[in-house]
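Residues per chain, in single letters:
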Amino acid sequence: PTPTPTPTPSGPDTIPPVISNIQPQGALPASTKEVIVALQTNEPAQCAISDSPGLIDQPNPKLFTTTGGTSHSITSPQVEKGKSYTLYARCKDEAGNITLEDTVIQFSIERSAKASPLSSLLPIAIILIIGIGIIFFIIRRLRKKKDSMV
């Protein structure tokens, strides 16, 4: 028997694009100077970004630099150490369907570089070296005093 082909739905596209693979998320290293904000959609779309919610109501939304396909990105320059950022994105497909809600993108830049385990031991090592030096100094003084008494 011949398989029956699956019918394809006809009619206008009424489903907005689905946003996924949002980057970045969470804490980024203190050495970060700029951030590439990226996301993907399940269909070709134009995506915009804002630092305030309600992107759909803004008259001239800022478009992602790379957009129009299914991968979208924009560089966010001049991020600062110790700051948290919240951005909002929305996308519109070729049929004009707009995502129903803002997609929230949250990340932060760490305040300072994380110390390596060895660097955290450095103050202890310095104290030990100084302590050993003091002990040797005291021992030498005691030996000289003992030698001078004999």
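Treat the numbers as computed from the prediction; the structure is a model and nothing was measured.

Caption draft 1: View of the nonpolar core. Core analysis: the biggest nonpolar cluster contains 19 residues, and Val37, Leu39, Phe64, Ile105 and Phe107 have the highest contact counts within it. Setting aside residues no more than four positions away along its own chain, leucine 39 makes contact with Ile19, Ser20, Asn21, Ile22, Cys47, Phe64, Thr70, Ser71, His72, Ala89, Cys91 and Ile105.

Caption draft 2: Geometry of the state of the cysteines. Inspection of every chain in the model, using the stated rule, returns 1 disulfide. One disulfide bridge connects cysteine 47 with cysteine 91, the sulfur atoms lying 1.9 Å from each other. Residues cysteine 47 and cysteine 91 share a disulfide whose torsion about the S-S bond is about 110 degrees; that sign makes it right-handed. Within this pair, whereas cysteine 47 is found in strand β4 (residues 45-50), its partner cysteine 91 is found in strand β7 (residues 84-93), the two being separated by 44 residues in sequence.

Caption draft 3: Layout of a nonpolar patch on the surface. Taken together, Leu121, Ile124, Leu128, Ile132, Ile135, Phe136 and Ile139 make up a surface patch of nonpolar side chains, about 680 Å² in accessible area. Among the structural elements, leucine 121 can be located in helix α1 (residues 117-149). Look at leucine 121 and you get partly exposed, because its relative accessible area is 47%.

Caption draft 4: How the structure looks around a positive patch on the surface. A surface patch of like charges, here positive, comprises Arg140, Arg141, Lys144 and Lys145. Locating arginine 141 in the fold gives a position in helix α1. According to the relative accessible area criterion, arginine 141 is exposed, its value standing at 53%.

Caption draft 5: How the structure looks around the side chain of threonine 41. As for its position among the elements, threonine 41 is in strand β3 (residues 35-41). Here the side chain of threonine 41 touches glutamate 43 through a polar contact of 2.8 Å, landing on its backbone oxygen. Looking at threonine 41, its side chain comes within polar contact range of the side chain of histidine 72, at 2.9 Å. Apart from the residues within four sequence positions on either side, threonine 41 is in contact with Pro17, Val18, Ile19, Cys47, Gly69, Thr70, His72 and Cys91.

Caption draft 6: Up close: the sheet that holds strand β2 (residues 26-28). Pairing in this open sheet of 5 strands is mixed, and the strands run β2-β8-β7-β4-β5 from one edge to the other. Every other strand in the sheet has two partners, leaving β2 and β5 (62-63) as the edge strands with one partner each. In this sheet, strand β8 (residues 103-109) lies alongside β7 in antiparallel orientation, the contact comprising 6 bridges. Among the inter-strand pairings, tyrosine 85 is bridged to a residue of β8, identified as phenylalanine 107.

Calculation rules
- Residues numbered from 1 in each chain as written.
- Predicted model: local features only at pLDDT ≥ 70, side-chain atom pairs only at ≥ 80, totals over all residues.
- Heavy atoms only, no water.
- Core = buried A, V, L, I, M, F, W, Y, C linked by side-chain atoms within 4.5 Å.
- Buried < 20%, exposed > 50% of the residue type's maximum accessible area, 1.4 Å probe, protein only.
- Contact = heavy atoms within 4.5 Å.
- Disulfide = S-S within 2.5 Å.
- Helix = DSSP H or I, 4+ residues; strand = E, 2+ residues; numbered from the N terminus.
- Patch = residues over 30% accessible without salt bridge, like charges linked within 9 Å, V, L, I, M, F, W, Y side chains within 5 Å.
- Areas by Shrake-Rupley, 256 points an atom, 1.4 Å probe, with all protein chains shown as cover.
- Salt bridge = Lys/Arg side-chain N within 4 Å of Asp/Glu carboxyl O.
- Lys, Arg positive; Asp, Glu negative; His and termini not counted.
- Charge placed at Lys NZ, Arg CZ, Asp CG, Glu CD.
- Polar contact = N/O pair within 3.5 Å; in protein donor to acceptor, adjacent residues only side chain to side chain.
- Pairing = 2+ DSSP bridges.

Purely spatial values, then, with no claim about function.
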